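Here is what each chain is made of, one letter per residue.
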Amino acid sequence: MTREEQKEKVRNEMRSRLAALEPGFCARASAEICRRLSASPFWANARSVLFYSALPSEPNLSTLALQALEEGKKCVFPKVQGPNLELYPVAALCDLKRGAYGILEPEDAGAEKVSCVDLALVPGLAFDRRGFRLGRGKGYYDRLLPGLGGAAAGCCFDLQRVDRLPVLGHDARLDGLATELGVELFAGG
């Protein structure tokens, strides 16, 4: 089995796990992830934070984004532009509009693009103990993360953790991982 086939097998397994979650779990676990992230060194050291607009099966960080705005941090969200993500600051969460894949994105009209952030919070389907993530297969974050400059932390539910993911040369490594059980820093992160 090729690594791409192995990745697809893990994606399918994670989709099944997430589909089996009890109602209310995502909201409770998301609140705990936000609480733990806001108490982490990642958060304390960040003046600018890249968020994502959560799909129904992903940790929803909107509470943390609101906190970032209240604390005067620069809140940044990605927008799909062809094969890449472009980053734009957001002054209020109501500024996000449905975009590619039905995901809430910033409008870029007149906004200056952001090229680096202190902290990138990244979604995914699976994360391993070495700091690698498995996304949905389009490679957006693998292309984005190497040039951002700051720390990158994955955000997931603990059931999405695996010991070891199949990795290819272009897969970006994260500095840490936040789940409802805690925030872990990876070696070197």
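The structure under discussion appears in the preceding block.
The rules we used
- Residues numbered from 1 in each chain as written.
- Predicted model: local features only at pLDDT ≥ 70, side-chain atom pairs only at ≥ 80, totals over all residues.
- Heavy atoms only, no water.
- Helix = DSSP H or I, 4+ residues; strand = E, 2+ residues; numbered from the N terminus.
- Rg over C-alpha atoms; globule rule 2.2 N^0.38 Å.
- Buried < 20%, exposed > 50% of the residue type's maximum accessible area, 1.4 Å probe, protein only.
- Contact = heavy atoms within 4.5 Å.
- Lys, Arg positive; Asp, Glu negative; His and termini not counted.
- Charge placed at Lys NZ, Arg CZ, Asp CG, Glu CD.
- Pairing = 2+ DSSP bridges.
- Axes fitted to C-alpha atoms, helices over the stretch in contact; angles between N-to-C directions.
- Core = buried A, V, L, I, M, F, W, Y, C linked by side-chain atoms within 4.5 Å.
- Phe/Tyr/Trp six-rings, centres within 6.5 Å; stacked < 30°, edge-to-face > 60°.
- Lys NZ or Arg CZ within 6 Å of the ring centre and 35° of its normal.

## Some details on the overall build of the protein chain
Next, step 1: Tallying secondary structure elements over the protein chain gives five helices and 12 strands in all.
Next, step 2: Whereas a compact globule of 189 residues would reach a radius of gyration of roughly 16 Å, the protein chain reaches 16 Å, a difference of no more than 12%.
Next, step 3: In terms of overall dimensions, the protein chain has C-alpha extents of about 45 × 35 × 35 Å along its principal axes.
Next, step 4: Buried positions account for 47% of the 189 residues belonging to the protein chain.
Next, step 5: Intrachain contacts of the protein chain at a sequence separation of at least 6 include 69% that bridge at least 24 residues.
Next, step 6: Computing the positive centroid from 25 side-chain charges and the negative centroid from 24, the protein chain places the two 3 Å apart.

## Here's the deal with the pairing of strand β2 (residues 74-81)
Next, step 1: Burial runs high along β2: six of the eight residues are buried.
Next, step 2: When strand β1 (residues 48-50) meets β2, the two strands line up parallel, connected through three bridges. Bridge pairing in β2 places Val49 opposite Cys75.
Next, step 3: In this structure, β2 lies alongside strand β3 (residues 84-89), joined through six bridges in antiparallel fashion. Paired with Lys79 across the strands is Glu86, a residue of β3.
Next, step 4: The hairpin turn running from β2 into β3, its antiparallel successor, is two residues long, and Gly82 in that turn takes a positive phi close to 65°.

## Observations concerning the sheet that holds β3
Next, step 1: The sheet built from seven strands is open, its strands ordered β3-β2-β1-β6-β9-β11-β12 with mixed pairing. Strands with a single pairing partner mark the edges of an open sheet, and in this sheet they are β3 and β12 (182-185). Taking the axes of each pair of neighbouring strands and ignoring which way they run, one obtains an average angle of 25° across the sheet.
Next, step 2: The sheet strands contacting helix α2 (residues 25-38) are β6 (117-122), β9 (149-155), β11 (176-179) and β12, and the helix crosses β11 at an angle near 135°.

## Describing the nonpolar core
Next, step 1: Judged by nonpolar contacts, the single largest core of 55 residues is most densely connected at Phe51, Leu61, Leu121 and Leu145.
Next, step 2: Residues within four places of Phe51 in sequence aside, it is in contact with Trp43, Leu61, Leu64, Ala65, Ala68, Cys75, Val76, Phe77, Pro78 and Leu121.

## Some points on the packing of aromatic side chains
Next, step 1: Inspection of every chain in the model, using the stated rule, returns four aromatic pairs.
Next, step 2: On the numbers, 6.4 Å between centres and 65° between planes, the contact of Trp43 with Phe51 is edge-to-face.
Next, step 3: Relative accessible area serves as the criterion here: at 3%, Trp43 is assigned to the buried category.
Next, step 4: Its relative accessible area of 0% is what places Phe51 among the buried residues.
Next, step 5: On the numbers, 6.3 Å between centres and 70° between planes, the contact of Tyr101 with Tyr140 is edge-to-face. A residue pair is termed long-range when its members are at least 10 positions apart, and Tyr101 in the loop between β4 (96-98) and β5 (104-106) and Tyr140 in helix α5 (residues 140-144) qualify at 39 residues.
Next, step 6: Every member of this aromatic cluster is reached through a ring pair, and the members are Trp43, Phe51 and Phe77.
Next, step 7: Stacked on the ring of Trp43, the Lys or Arg Lys73 has its end atom at 4.9 Å from the ring centre.

## Observations concerning the sheet that holds strand β10 (residues 161-162)
Next, step 1: Taken in spatial order, the three strands of this open sheet run β8-β7-β10, and their pairing is mixed. Each edge of the sheet is formed by a strand with only one pairing partner; in this case those strands are β8 (133-134) and β10.
Next, step 2: Here two bridges tie strand β7 (residues 126-128) to β8, and the two strands are oriented antiparallel to one another. Residue pairing for β8: Ala126 is matched across the bridge by Leu134.

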